[in-house]
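Listed here are the chains, written in short residue letters.
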Amino acid sequence: MADPPLTAALASLNALAGGLFLLTAFAIVATRQTRGCLQLFIVQSLLLAASAFILGAEYQSLHLVAVGAVNLISKPIVIPWILRRTLSAEVYARREIDQVLNIPTSLLIALALAVLAYFLTLPVLSAVAPQFRSANVPIGLAGLLLGAYTLAVRREAVPMLVGILAMENGAFFAGIALSRDLPLIVELAIASDGLVLVFVTGVLVRAIQQRIGSTRVGELVSLREQVPGAGATSTEEAA
Amino acid sequence: MTLPAMLLLPLLAAVLSAVPRMRFVAPGVTVVSSVAVLSLASATALRVASGTTVFALRGVLSVDGLSALIVWLVSLVGTTAAVYSSGYMARTCAARPRRLGLYYANYNLFVFAMLAIPMVVEPTLVWIFVELTTLSSALLVSFENTQEALEAAWKYVGLSLMGAAIALLGFLVLFSALQAAGGEPYTWEGLVKAAPRMPPALLKAAFVLIIVGLGTKVGLVPLHTWLPDAHSQAPSPVCALLSGIETTSVLYVILRLLPMLDAALLPEMRDWVVIFGLISVGVAAFLILQVRDYKRLFAFSTVEHMGIILVAAGLASQAAHYGAMYQILSHTVTKSFCFFAAGAAVLTVTTRNIAAVRGLVRRSPAAAASLLLAGLAIAGAPPLAVFLSEFLILKAGIYEGRYVVVGLLTLFIAIAFFGVLLHINRMVFGRPSSETFQAQALGSHATAAAISDTLPRSCELILLVAGALVIVLGVYLPGPLHELLRLASDTLHR
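Residues numbered from 1 in each chain as written. Chains lettered and ligands numbered in written order. Predicted model: local features only at pLDDT ≥ 70, side-chain atom pairs only at ≥ 80, totals over all residues.

**Here we look at the overall build of chain A**
For chain A, the helix and strand inventory stands at 8 helices and 0 strands. Projecting the C-alpha coordinates of chain A onto the three principal axes gives extents of approximately 70 × 35 × 30 Å. Taking the contacts inside chain A whose residues are at least 6 apart along the sequence as the reference set, 75% of them involve residues at least 24 apart. (Helix = DSSP H or I, 4+ residues; strand = E, 2+ residues; numbered from the N terminus. Contact = placed C-beta atoms within 7 Å.)

**Points about the overall build of chain B**
A count of helices and strands for chain B gives 20 helices and 2 strands. Taken over C-alpha atoms, the radius of gyration comes to 21 Å for chain B, in line with the 23 Å a tight globule of 494 residues would show. Referenced to the eigenvectors of the C-alpha coordinate spread, the extents of chain B come out at roughly 70 × 55 × 40 Å. Taking contacts inside chain B between residues at least 6 apart in sequence as the whole, the part at least 24 apart equals 81%. (Rg over C-alpha atoms; globule rule 2.2 N^0.38 Å.)

**Describing the interface of chain A and chain B**
Each side of the interface is counted separately: chain A has 46 residues, and chain B has 55 residues. Of all the elements in the fold, those that place two or more residues in the side of chain A that touches chain B are α5 (103–127), α6 (136–153), α7 (157–178) and α8 (184–212) of chain A. Counting residues per element, the side of chain A that touches chain B draws most heavily on α8 of chain A, at 14 residues. Taken together, the residues that form the side of chain A that touches chain B break down as 34 nonpolar, 7 polar and 5 charged. (Nonpolar A, V, L, I, M, F, W, Y, C, P; charged D, E, K, R; others polar.)

**A few points about the confidence of the model for chain B**
Residues and elements named next belong to chain B. Confidence along chain B averages 90 in pLDDT terms, with 96% of residues attaining 70 or more. Across residues 442–450, confidence stays below pLDDT 50; counting only partners more than four residues off in sequence or on other chains, it has 34 contacts. Overall fold confidence (pTM) sits at 0.93, and the ipTM for the predicted complex is 0.90. (pLDDT = per-residue confidence, 0-100.)

**Here we look at the pairing of strand β1 (residues 54–57) of chain B**
All names here are of chain B. As defined by bridge partners, β1 adjoins strand β2 (residues 61–63) across 3 bridges and the pair is classed as antiparallel. By the bridge assignment, Leu57 is partnered in β2 with Leu61. Taking the residues that link successive antiparallel strands as the turn, the β1-β2 hairpin has 3 residues, and the phi of Gly59 there is positive, at about 90°. (Pairing = 2+ DSSP bridges.)

**Considerations on the nonpolar core**
In terms of nonpolar packing, the biggest core is built from 284 residues, with Leu69, Ala153, Val173 and Ala345 of chain B touching the most fellow members. At 24 residues, the largest contribution of residues to this core is made by helix α6 (residues 147–181) of chain B. When residues no more than four places from it in sequence are discounted, the contact partners of Ala153 of chain B are Leu204 of chain A together with Ala138, Val141, Ser142 and Ala230 of chain B. (Core = buried A, V, L, I, M, F, W, Y, C linked by C-beta atoms within 7 Å. Buried ≥ 20, exposed ≤ 12 C-beta atoms within 10 Å, placed from the backbone.)

**Considerations on the confidence of the model for chain A**
Residues and elements named next belong to chain A. For chain A, per-residue confidence averages 84 on the pLDDT scale, and 91% of positions sit at 70 or higher. Mean pLDDT across the elements of chain A ranges from a minimum in helix α4 (residues 89–92), with 76, to a maximum in α6, with 94. Long-range and interchain partners of residues 227–239, a stretch whose pLDDT sits below 50, account for 34 contacts in this model, where long-range means more than four residues apart.

**Quick notes on unusual backbone geometry**
Cis geometry is adopted by the peptide bond preceding Pro222 of chain B, which originates at Val221 of chain B and carries an omega value of 10°. Not every positive phi belongs to a glycine, and Gln60 of chain A is a case in point at roughly 50°. Even without glycine at this site, Asn145 of chain B takes up a positive phi of about 60°. Within the secondary structure layout, Asn145 of chain B lies in the loop between α5 (123–141) and α6.

**What to know about the environment of Cys459 of chain B**
Residues and elements named next belong to chain B. Counting through the fold element by element, Cys459 comes out in helix α19 (residues 457–475). Each C-alpha atom of the pair Cys459 and Gly183 lies 53 Å from the other, and the pair is 276 residues apart in sequence. Discounting residues that sit within four places of it in the chain, Cys459 has contacts with Tyr84, Gly87, Tyr88, Gly343 and Ala344.

**Things to note about α6 of chain B**
All names here are of chain B. In this model α6 runs 51 Å from its N-terminal to its C-terminal C-alpha over 35 residues, within 8% of the 51 Å that 1.5 Å per residue would give. Counting buried positions along α6 gives 33 out of 35 residues, so the element sits mostly inside the fold. Phi turns positive, to about 80°, at Gly182, one or two residues after α6. (Expected span 1.5 Å × (residues − 1).)

Written as structure tokens, this is what we have:
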């Protein structure tokens with residue numbers, strides 16, 4: 001534990017990073033541009049790394065610093081690079097005019113989710129030892145819920161992918177406060193898993209774009225119980 | 001060193017299949033490696049059944065009763081599906097042989113991930129392998145590259161990864177609960193030992209997050225919506241893996257948490273498991289009645305069976321847990337056979353539309369006979385394995401005095417039984433009308449070019465082998481297998 005004034009300063013710095021983290025989660029819900037979504041995700045990952053560094057300094061944990069470093073390299077640098085390699089630039093230039101819900105409604109629901117996250121984490125926070133009680137836990141859960149919400153209301157593939165990645169960021173944001181000494185091999189594996197995730201989804205989105213000519217995956221609704229044609233695929237497929 | 005070998009073989013096969021020039025040997029390499037893994041897994045299962053825990057690295061790779069059962073089932077379906085693939089994919093993918101390398105590389109990677117889940121004992125590493133099953137099978141689901149297949153793959157990836165993120169938070173909370181209790185390593189065994197000292201709020205939160213997150217991947221209602229899509233659009237041998245064993249190997253992770261609830265004296269959480277399971281069984285039973293695609297029929301039946309296993313595991317008695325393990329065994333063997341039979345039907349009639357298939361018995365007796373056996377077996381007709389396991393579960397429920405649970409379960413199973421056999425009976429014995437011929441002509445599948453009334457040799461072989469297994473397991477359970485099930489059921493409670 002560092003000396004008291006420094007600890008207090010680090011704690012408020014961490015609270016600042018947490019506040020900004022939550023703000024980016026809201027912004028991802030509200031942003032129409034695909035490129036903007038991706039940039040917000042990068043900012044969010046930087047804030048996650050910052051919080052890991054701050055907590056690492058506060059508790060003198062080399063392990064948290066390593067987590068921050070892994071995040072700093074994989075998410076803001078490698079993931080956008082993989083996406084650029086797998087998807088065409090045209091995908092980024094897209095704007096999403098019509099979400100499932102309009103943006104003010106979306107933000108209201110997002111706000112409700114954040115409040116819900118705060119109340120849901122109260123019993124957990126009262127159960128853990130004092131040094132683990134941190135704003136990271138409710139903010140992380142809020143980030144997780146907002147990511148899931150993004151995934152639910154978006155129709156464009158890349159913003160949906162950003163939603164998934166933002167969920168993982170949220171889980172980690174809570175995780176760095178709760179479980180500080182997770183083996184480093186696990187952290188590395190989770191980070192590389194994120195890269196594989198982006199690669200596989202990128203390949204899938206490219207296939208969808210080539211086949212259907214659009215990345216508006218939210219509009220793919222042919223597989224429903226009401227439609228009898230699930231077996232009636234196009235015949236030219238075999239050619 | 002059998003455990004690392006079992007993991008290295010599929011990895012090696014995946015690498016070999018991915019090499020462009022090797023794609024002609026990829027089917028052979030896959031079959032050889034999966035047969036080798038099956039024999040190693042059988043040897044391991046025999047050793048475990050005789051009472052030893054097999055481990056490669058204590059605290060990292062280790063196999064007990066429950067793990068050995070899952071490992072053996074993964075390698076079994078991995079082998080039958082590999083042999084089946086060699087004929088099935090050669091015929092359906094004849095126009096695009098280059099894609100076969102991609103298929104087998106992903107196939108082996110997928111089997112590798114499923115083998116690793118039960119062997120690894122550190123929960124967060126298990127989470128990574130669960131994630132890897134999603135990522136390696138995503139491109140298998142989209143393999144046929146039709147609009148429907150791509151849509152199914154996207155839904156599958158989206159929902160599974162969403163669930164995985166929730167489960168990740170659950171595992172991190174679980175880790176903090178373990179740290180609060182102190183002193184035990186982060187392994188399944190350490191968690192059970194530390195459970196009495198964990199703060200109950202943390203344990204409950206972790207359990208809820210994990211069962212919701214991984215429940216998505218198991219296909220538990222209400223987050224099951226991706227399952228019938230993915231499990232019907234993938235090539236049939238992949239469906240056999242997805243439906244037969246992937247869901248079960250993820251359910252295994254949830255089952256691993258149950259003894260912690262007993263140790264931490266939280267019996268009411270077990271009731272929630274039962275309720276969660278019952279909802280899945282009920283919803284799936286009614287959805288089975290209204291399907292129009294026979295691969296979706298079997299997919300919904302997977303949702304139903306996952307629910308049954310969860311209900312049985314959620315009950316308190318040893319007998320119910322034995323039933324749950326027996327159900328895992330019978331479901332895996334039967335469901336993989338169902339999709340092999342469905343694949344044979346797809347090859348014969350080139351459509352997945354139930355209404356378009358009438359009187360299959362006149363068109364292709366082999367496909368019709370296997371489809372009929374599959375329908376009877378999965379619905380739970382008397383002398384077959386699923387009937388026995390469901391009977392054991394219901395009996396255990398009655399002994400425990402859980403009459404409402406047993407009543408609802410019986411009702412839902414009966415509805416599903418009726419639904420499955422209604423559709424299958426029409427397909428096999430129904431009178432073909434002019435309308436169906438029209439539908440057949442229109443409703444052709446990606447395999448239209450390969451239309452033929454004879455099945456590939458390897459598919460016939462697997463239909464015979466898997467069908468024989470379905471029948472034999474109904475009347476005879478070998479001693480070591482019984483012992484394995486008993487040991488596995490001990491892992492579900494304290």
